[in-house]
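# Commentary on secondary and tertiary structure
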Amino acid sequence: MIQIPRGTQDILPGESYKWQVIEEKLREIAANYNYREIRTPVFEATELFVRGVGGSTDIVNKEMYTFEDKGGRSLTLRPEGTAPVVRSYIENKMQHDVNQPVKVFYKEPMFRYERKQKGRYRQFVQFGIEAIGVEDPLIDVEVLSMLMHIYQSFGLKNLKLYINSIGDHQSRKEYNDALVSHFEPRIDEFCADCQSRIDTNPMRILDCKKDRDHELIKTAPVIYNFLNEESKAYFETVKEKLTDIGIEYEVDYNLVRGLDYYTHTAFELMSDAEGFGAITTLCGGGRYNGLLELLDGPHETGIGFALSIERLLMALEAEGIELEQPDGIKLYICTMDDNSFDKAGTLLHELRTKGISADMDYKRRKLKAQMKDADRKRAEHVIVLGEDEINSGEVELKSMQDGESRTMNIDELKNYLED
Ligand code: HAM
């Protein structure tokens, strides 16, 4: 038997309503904050991610689904959405768009060849937003408040927002040098990844899951002390404005994020719900002031976040929050014999073309089984079509909610259900 690829999942008909409910809510909130949808291709030039996400990141080094097409081009299945959005912004010269800043959202599958673990998939759906073209603490606050709004709108409570500033490129360079001096003498006590990170991206040592309890992590230099006055002031304003609107957060100086494009504000939302599992990050994001220029674009800056719907669902489950199932069908037609079975088919056609959702039992089961089926399909009403009903043209419409019945002729039934 051919099996589903590792790290992917089927979303079965009985579960897909959860995705629909979440997606609808995300669209509604995006519209609230005036973010419009952007759709980019599932694959992009590999170079986009190597340059944009960064050659020293886990994504680029270990996790990309890269292939050569028949024309010999190296392409990669999108592992994240920011670099593609920025590529599209540059290519479509969106800096000249009348709507400024350019505020977009996407909800698309992403692909990362990661080790299979709870909450970690090889194909997952990210909902993300990007606001490009303004550098002002207030837009950072907008992005963070939208992020919290999303999770709180589902009733989630066990949320912890961590923020940090990783400054501009100059501050980061000085900070990286200080980290190298701090870790280098004892780097052989760290894992193999950290031993290579010291050369490629020393800041990533700080959020290593394996070495998080090492004494040198606790005594490492703190990035805040390396920020220039401008970066510090920006960070202070973001924090103040978050406090002003009642958004709770904690500063985590070791929060560095796993992608290279971040500058200044960086953040992650975690779940501290019991039973959530080892991977507690629900959402991550931050500001990326140099990314557009790095990709040969204009001197514009951006900020955004991305969350996966898979982890949002896990958080809902961990907190015991159920999503409401959408309505079932309006009418279920039970049939008694071959004649009524055929007539039901015609009636269904008429009802459906009038926009009334309706169904019947194609398996020709006994009446009792049909009633059970109607219940399972969450039908609002049921009629039984038999010889008598066909002869008289009258049916008894039974409400599945209160059990009440009313007799009406079939034409009346169509209008009644349409209303
Ligand atoms: P990221 O931290 O790599 O950032 O991913 C963002 C979110 O995607 C994570 O917090 C998590 O919810 C989800 N995620 C990542 N990998 C997986 C996986 N293997 N399985 C399930 N969910 C996953 C980014 O992707 C940035 N582009 C975010 C951003 C937007 N920054 C600025 N704008």
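Keep in mind that what you see is a predicted model, and the values were worked out from it rather than measured.

Moving on, we come to the domain arrangement of the protein chain. Taken as a whole, the protein chain is organised into domain 1 (13–168 + 228–319) and domain 2 (329–417). Using C-alpha coordinates to define each centre, domain 1 is positioned 48 Å away from domain 2.

What follows concerns the pattern of salt bridges. Per the counting criterion, the structure on display carries 32 salt bridges. Between aspartate 193 and lysine 62 there is a salt bridge whose closest N-O contact spans 3.3 Å. Note that aspartate 193 is positioned in helix H7 (residues 192–200) and lysine 62 in helix H3 (residues 58–63), a separation of 131 residues in sequence. Its relative accessible area of 25% is what places aspartate 193 among the partly exposed residues. The class of lysine 62 is partly exposed, set by a relative accessible area of 43%. Between aspartate 373 and arginine 376 there is a salt bridge, with the nearest N and O atoms lying 3.2 Å from each other. Separated by 3 residues within a single helix, aspartate 373 and arginine 376 lie in helix H13 (residues 367–376), roughly one turn from each other. Accessibility expressed as a relative area gives 55% for arginine 376, which makes it exposed. One salt-bridge network, in which partners are shared between bridges, spans Asp361, Arg365, Asp373, Arg376 and Lys377.

Turning our eyes to something else, we now look at the packing of helix H1 (residues 16–32) against helix H11 (residues 309–318). Two numbers describe how H1 lies on H11: the axes approach to 11 Å, and their chain directions differ by 105°. Taken together, the axes of H1 and H11 are roughly perpendicular relative to one another. Each of Lys18, Trp19, Ile22, Glu23 and Leu26 in H1 lies in contact with H11, whose residues at this interface are Ile309, Glu310, Leu312, Leu313 and Leu316.

A word on the environment of leucine 417. Relative to the elements of secondary structure, leucine 417 occurs in helix H15 (residues 410–418). On the accessibility criterion, leucine 417 (3% relative accessible area) is buried. Once the C-alpha coordinates of leucine 417 and lysine 330 are considered, the two residues, 87 residues apart in sequence, prove to be 7.3 Å apart. Setting aside anything within four residues of it in sequence, one finds leucine 417 in contact with Lys330, Leu331, Leu351, Ile356 and His381.

Our next topic: the packing of aromatic side chains. The geometry of an aromatic ring pair is captured by the separation of the ring centres together with the interplanar angle, meaning the angle of the planes. What the rule picks out here adds up to 9 aromatic pairs. Residues tyrosine 224 and phenylalanine 235 carry aromatic rings whose centres are separated by 6.4 Å and whose planes lie at 50° to one another, so their mutual orientation is tilted. In this pair, tyrosine 224 sits in the loop between helix H8 (215–218) and helix H9 (229–244) while phenylalanine 235 sits in helix H9, placing the two residues 11 residues apart along the sequence. Residue classification places tyrosine 224 among the buried positions, given a relative accessible area of 18%. Ring geometry for tyrosine 224 and tyrosine 253: centres 5.9 Å apart, planes at 45°, overall tilted. Highlighted residues: tyrosine 224 in the loop between H8 and H9 and tyrosine 253 in the loop between strand E8 (250–251) and strand E9 (263–271), separated in sequence by 29 residues. Here the aromatic residues Tyr224, Phe235 and Tyr253 are joined through ring pairs into a cluster of three or more. A cation sits over an aromatic face here: lysine 25 above phenylalanine 154, 6.0 Å from the ring centre. The residue whose ring lies beneath arginine 122 is tyrosine 113, and the NZ or CZ to ring-centre distance is 4.0 Å.

Moving on, we come to the site of the ligand. Residues in contact with the ligand amount to 28 residues; listed here are only the nearest, Glu80, Glu114, Tyr121, Tyr262 and Leu282. Arginine 112 places a side-chain nitrogen or oxygen 2.9 Å from an oxygen atom of the ligand. Between a nitrogen atom of the ligand and a side-chain N or O atom of glutamate 130, the distance comes to 2.9 Å. Here the ligand loses 96% of its free accessible area of 660 Å² to cover by the protein chains. For the shell around the ligand, the secondary-structure elements that each account for two or more residues are strand E6 (123–132), strand E10 (281–288) and strand E11 (302–308). Broken down by element, the residue count for the shell around the ligand peaks at 7 residues, all from E10.

Here is what the cut-offs are and how they apply
- Per chain, the residues get numbers from 1 upward, laid out in the order the sequence is written.
- Reporting in this predicted model follows two pLDDT cut-offs: at least 70 for local features of residues, and 80 or more for side-chain atom pairs to be given and counted; totals over whole chains, interfaces and linings ignore these cut-offs and use all residues.
- The side-chain quantities take in all heavy atoms of the structure and omit both hydrogens and water.
- As used throughout, domain bounds are those supplied by an automatic or database domain assignment.
- Salt bridge, as used here: a side-chain nitrogen of Lys or Arg that lies within 4 Å of a carboxyl oxygen of Asp or Glu.
- Here a strand is any run of E in DSSP of at least two residues, a helix any run of H or I of at least four, and the numbering for each starts at the N terminus.
- Remark: exposure states derive from per-residue accessible area (1.4 Å probe, protein chains only) relative to the maximum for the residue type, with buried under 20%, exposed over 50%, and partly exposed in between.
- Comment: axis = line fitted to C-alpha atoms, over the contacting stretch for helices; angle = value between 0 and 180 degrees taken between N-to-C directions.
- Here the word oblique covers every angle except those under 35 degrees (roughly parallel), over 145 (roughly antiparallel) and from 65 to 115 (roughly perpendicular).
- Residues count as neighbours in contact if any of their non-hydrogen atoms are within 4.5 Å of one another.
- Put simply, two rings from Phe, Tyr or Trp (the six-membered ring, in Trp's case) pair if the centres are within 6.5 Å, and we call them stacked under 30 degrees between planes, edge-to-face over 60, tilted for the rest.
- Placement of a positive charge over a ring is assigned whenever Lys NZ or Arg CZ falls within 6 Å of the ring centre and within 35 degrees of the normal to the ring plane.
- By convention in these notes, a residue is near a molecule or strand provided one of its non-hydrogen atoms lies within 4 Å of it.
- Each polar contact in these results corresponds to two N or O atoms within 3.5 Å; when the atoms are within protein, one needs to be able to donate a hydrogen and the other to accept it, and residues that are neighboring in sequence are counted only if both atoms are side-chain atoms.
- Only the protein chains shown count as cover for residues, and the accessible areas themselves come from Shrake-Rupley with a 1.4 Å probe.

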